[in-house]
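Analysis of the macromolecular model
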2 protein chains.
Amino acid sequence: MTRWRLTIEYDGGPFLGWQRQDHGPTVQSTLEEAIARMTGERAAVHGAGRTDAGVHALAMEAHVDIAKPLTPHRLREGINALVRPAPVTVLAVAPVADDWHARFSCVGRRYLYRILDRRAPPAVDRGRVWHVPVTLDVEAMAEAATVLVGRHDFTTFRSVHCQSASPVKTLDTVEIERVGEEIHVRAAARSFLHHQVRSMVGCLMLVGRGQWTVPDMRRALEARDRAALGLNAPPEGLYFLGASYS
Amino acid sequence: MTRWRLTIEYDGGPFLGWQRQDHGPTVQSTLEEAIARMTGERAAVHGAGRTDAGVHALAMEAHVDIAKPLTPHRLREGINALVRPAPVTVLAVAPVADDWHARFSCVGRRYLYRILDRRAPPAVDRGRVWHVPVTLDVEAMAEAATVLVGRHDFTTFRSVHCQSASPVKTLDTVEIERVGEEIHVRAAARSFLHHQVRSMVGCLMLVGRGQWTVPDMRRALEARDRAALGLNAPPEGLYFLGASYS
């Protein structure tokens with residue numbers, strides 16, 4: 001039995017998210033079915049994060065245990081041939097120690113959120129950005145983001161379906177920059193609550209369009225109440241960028 | 001009657017190209033139908049370039065004559081509402097002189113070609129890049145590109161369906177750079193032959209993977225014979241970047 005680490009890219013558009021579901025295709029089930037066809041084994045693929053429907057990944061990390069002897073090349077090429085036409089691709093594979101766990105060994109996760117900040121709706125990047133048709137104040141957003149950095153009770157920014165044991169998380173960094181017509185928000189933490197990045201970005205957008213002030217962001221955080229959330233940003237702008245391991 | 005200049009972005013994937021066709025949706029027909037629903041007028045939309053099926057545009061220029069009085073804002077918003085769900089969007093509109101012609105007044109056209117140069121197939125950018133799974137030598141490609149710059153008979157790099165009066169064109173620049181996992185080829189000229197950019201990129205790729213040398217590129221150009229073409233790159237990596245007017 002070999003434990004394999006998989007680094008995976010996917011377009012979340014056609015998937016019901018990462019996690020296996022009874023009622024439609026997910027990234028996890030697509031990978032598991034490809035591996036089953038290749039090996040005859042019903043192996044579970046464990047991811048570093050469980051992204052929602054419509055959320056993308058540029059480098060999700062996962063692991064899977066396979067008994068059949070395989071080379072890394074054969075495993076990667078086999079999965080990539082068998083997942084077609086689903087928009088998921090294995091970027092890299094490597095054998096890892098039996099106690100290495102994509103989720104539980106992970107000590108850092110990074111997300112990117114792309115806002116298309118222009119009047120015209122997206123055409124080439126439809127489904128890959130959040131379209132905000134008014135010009136946002138990026139400096140105000142960056143200032144409001146500093147309120148969120150650090151160790152806080154993020155209950156306000158947490159989905160009611162979140163399964164985390166505690167709402168207290170340490171947000172390491174939030175970086176905001178304008179890149180052409182887009183605004184990119186990058187967030188890094190050991191782990192995030194369910195919907196935390198989208199909820200933070202939704203409120204940062206309110207600051208950017210002048211509807212919220214920096215003190216409003218502070219009040220929302222301190223409320224520790226989902227009802228104090230201004231807005232949850234849609235899934236299509238969110239990308240799981242990468243995970244790190246000690 | 002007002003002549004309007006339209007700047008347009010589109011994802012070429014679901015279209016049979018720019019030009020009106022009897023057997024399916026095109027960018028031109030999609031825009032014309034939206035304008036007809038808005039104005040009741042059957043106005044022709046003329047583009048600076050007639051891109052093939054699958055080719056994208058980040059800033060195609062076009063013009064259309066409309067009798068109904070409209071503000072630029074109303075025209076843009078109206079088209080963008082009515083073209084949905086087709087992946088085409090009007091970025092900007094402006095009234096222009098009656099003799100301004102998107103195609104015939106154009107004095108410069110720029111294209112971008114995106115190659116995804118990595119082993120794994122694209123997931124997030126599927127249909128938006130040409131996947132080349134072997135590592136390409138960008139310096140060799142750049143050297144070979146210099147052979148193409150200038151005034152030449154580009155018959156080798158011309159589709160048999162090209163309607164241009166002459167195969168002689170002046171290629172102003174070809175720039176090649178590696179951008180992360182991608183290789184971007186940018187080409188600029190007053191005008192291009194049908195398939196010229198894709199044919200040049202196809203041969204540059206052969207140089208990049210070591211199958212062709214710089215002298216091979218020179219021989220292909222000097223052959224002035226479509227049979228001397230090494231490879232025509234697929235449409236999905238090509239983007240009409242912009243047009244300029246004197």
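Note that the structure is a prediction, hence the values are computed from the model and not measured.

With that settled, consider the overall build of chain A. Helix and strand counts for chain A come out as 5 helices and 10 strands. Since a compact globule built from 246 residues should have a radius of gyration of about 18 Å, the 19 Å found for chain A is in line with a globular shape. Judged by the C-alpha coordinates and their principal axes, chain A covers about 60 × 40 × 30 Å. The buried share of chain A, taken over its 246 residues, is 57%. Long-range pairs, those at least 24 residues apart, make up 71% of the contacts in chain A with a sequence separation of at least 6. Accessible surface, chain A: about 10600 Å² in total, of which carbon and sulfur atoms supply 50%. Taken as two groups, the 30 positive and 27 negative side-chain charges of chain A have centres that lie 3 Å from each other.

Here we come to the pairing of strand β1 (residues 2-10) of chain B. Residue and element names in this part refer to chain B. Across the 9 residues that make up β1, a large majority, 7, are buried. Bridge count for β1 against strand β3 (residues 56-66) is 8 bridges, and the pairing is antiparallel. Residue isoleucine 8 lies in a different strand from β3, and its bridge partner there is methionine 60.

Each copy of the sequence occupies a distinct position, and chain B is placed on chain A by a rotation of 180° and an axial shift of 0.0 Å, giving an RMSD of 0.0 Å. The relationship between the two copies is best expressed as a two-fold rotation axis. Across chain B, the rotation axis passes nearest the C-alpha of aspartate 125 of chain B, at a separation of 4.6 Å. Both copies present the same face, since 100% of the interface residues in chain B are matched by interface residues at the equivalent positions in chain A.

Inspection of the entire model under this criterion finds 28 salt bridges over all chains. Note that arginine 118 of chain B and glutamate 9 of chain A form a salt bridge whose closest N and O atoms lie 2.7 Å from each other. Here glutamate 9 of chain A lies in strand β1 (residues 2-10) and arginine 118 of chain B lies in the loop between β5 (106-116) and β6 (130-131), a pairing that spans two chains. The pair formed by arginine 118 of chain B and glutamate 9 of chain A is uniform in burial state, with each residue classed as buried. The salt bridge partner of arginine 114 of chain A is glutamate 182 of chain A, with a shortest N-O separation of 2.7 Å. With arginine 114 of chain A in strand β5 (residues 106-116) and glutamate 182 of chain A in strand β9 (residues 182-189), this residue pair connects regions lying 68 residues apart in the sequence. Each member of the pair, arginine 114 of chain A as well as glutamate 182 of chain A, is classed as buried.

Two aromatic rings are characterised by how far apart their centres lie and by the angle between their planes. Residue and element names in this part refer to chain A. If you walk through the whole model with that rule in mind, you get 14 aromatic pairs over all chains. Between tryptophan 100 and tyrosine 245 the ring centres are 4.5 Å apart and the planes differ by 45°, which places this aromatic pair in the tilted class. Here tyrosine 245 lies in strand β10 (residues 238-245) and tryptophan 100 lies in the loop between β4 (88-96) and β5, a separation of 145 residues in the sequence. Both residues of the pair, tryptophan 100 and tyrosine 245, belong to the buried class. Joined through ring pairs, the aromatic side chains of Tyr10, Phe15 and Trp18 make up one cluster.

Let's shift gears to the packing of helix α3 (residues 138-148) of chain B against helix α5 (residues 214-223) of chain B. Residue and element names in this part refer to chain B. Relative orientation of the contacting elements α3 and α5 amounts to 25°, with a least axis distance of 9 Å. One way to sum up the angle between α3 and α5 is to call them roughly parallel. As for the relative orientation of α3 and α5, their crossing is right-handed in sense. On α5, the residues that touch Ala140, Glu143, Ala144, Val147 and Leu148 of α3 are Val214, Met217, Arg218 and Leu221. Looking at the contact of α3 with α5 residue by residue, the classes come out as 7 nonpolar, no polar and 2 charged.

Let us look at the domain arrangement of chain A. Residue and element names in this part refer to chain A. Taken domain by domain, chain A holds domain 1 (2-96) and domain 2 (107-245). In this assembly, 16 residues from domain 1 lie in contact with 16 residues from domain 2. Buried surface at the junction of domain 1 and domain 2, summed over both partners, amounts to about 1200 Å²; 54% is from carbon and sulfur atoms. Measuring nitrogen to oxygen at the nearest pair gives 3.1 Å for the salt bridge that ties aspartate 11 to arginine 128. Here domain 1 and domain 2 share 11 residue pairs in polar contact (both at pLDDT 80 or more) between them. With 6 residues, the single largest contributor to the side of domain 1 that touches domain 2 is strand β3 (residues 56-66). Of the residues assigned to the side of domain 1 that touches domain 2, the class counts are 7 nonpolar, 4 polar and 5 charged.

Criteria and thresholds
- Residues numbered from 1 in each chain as written.
- Chains lettered and ligands numbered in written order.
- Predicted model: local features only at pLDDT ≥ 70, side-chain atom pairs only at ≥ 80, totals over all residues.
- Heavy atoms only, no water.
- Helix = DSSP H or I, 4+ residues; strand = E, 2+ residues; numbered from the N terminus.
- Rg over C-alpha atoms; globule rule 2.2 N^0.38 Å.
- Buried < 20%, exposed > 50% of the residue type's maximum accessible area, 1.4 Å probe, protein only.
- Contact = heavy atoms within 4.5 Å.
- Areas by Shrake-Rupley, 256 points an atom, 1.4 Å probe, with all protein chains shown as cover.
- Lys, Arg positive; Asp, Glu negative; His and termini not counted.
- Charge placed at Lys NZ, Arg CZ, Asp CG, Glu CD.
- Pairing = 2+ DSSP bridges.
- Least-squares fit on C-alpha atoms with pLDDT ≥ 70 in both.
- Salt bridge = Lys/Arg side-chain N within 4 Å of Asp/Glu carboxyl O.
- Phe/Tyr/Trp six-rings, centres within 6.5 Å; stacked < 30°, edge-to-face > 60°.
- Axes fitted to C-alpha atoms, helices over the stretch in contact; angles between N-to-C directions.
- Parallel < 35°, antiparallel > 145°, perpendicular 65-115°, else oblique.
- Left-handed = near helix turned anticlockwise from the far one by under 90°.
- Nonpolar A, V, L, I, M, F, W, Y, C, P; charged D, E, K, R; others polar.
- Domains from an automatic or database assignment.
- Buried area = accessible area lost by both parts, 1.4 Å probe.
- Polar contact = N/O pair within 3.5 Å; in protein donor to acceptor, adjacent residues only side chain to side chain.

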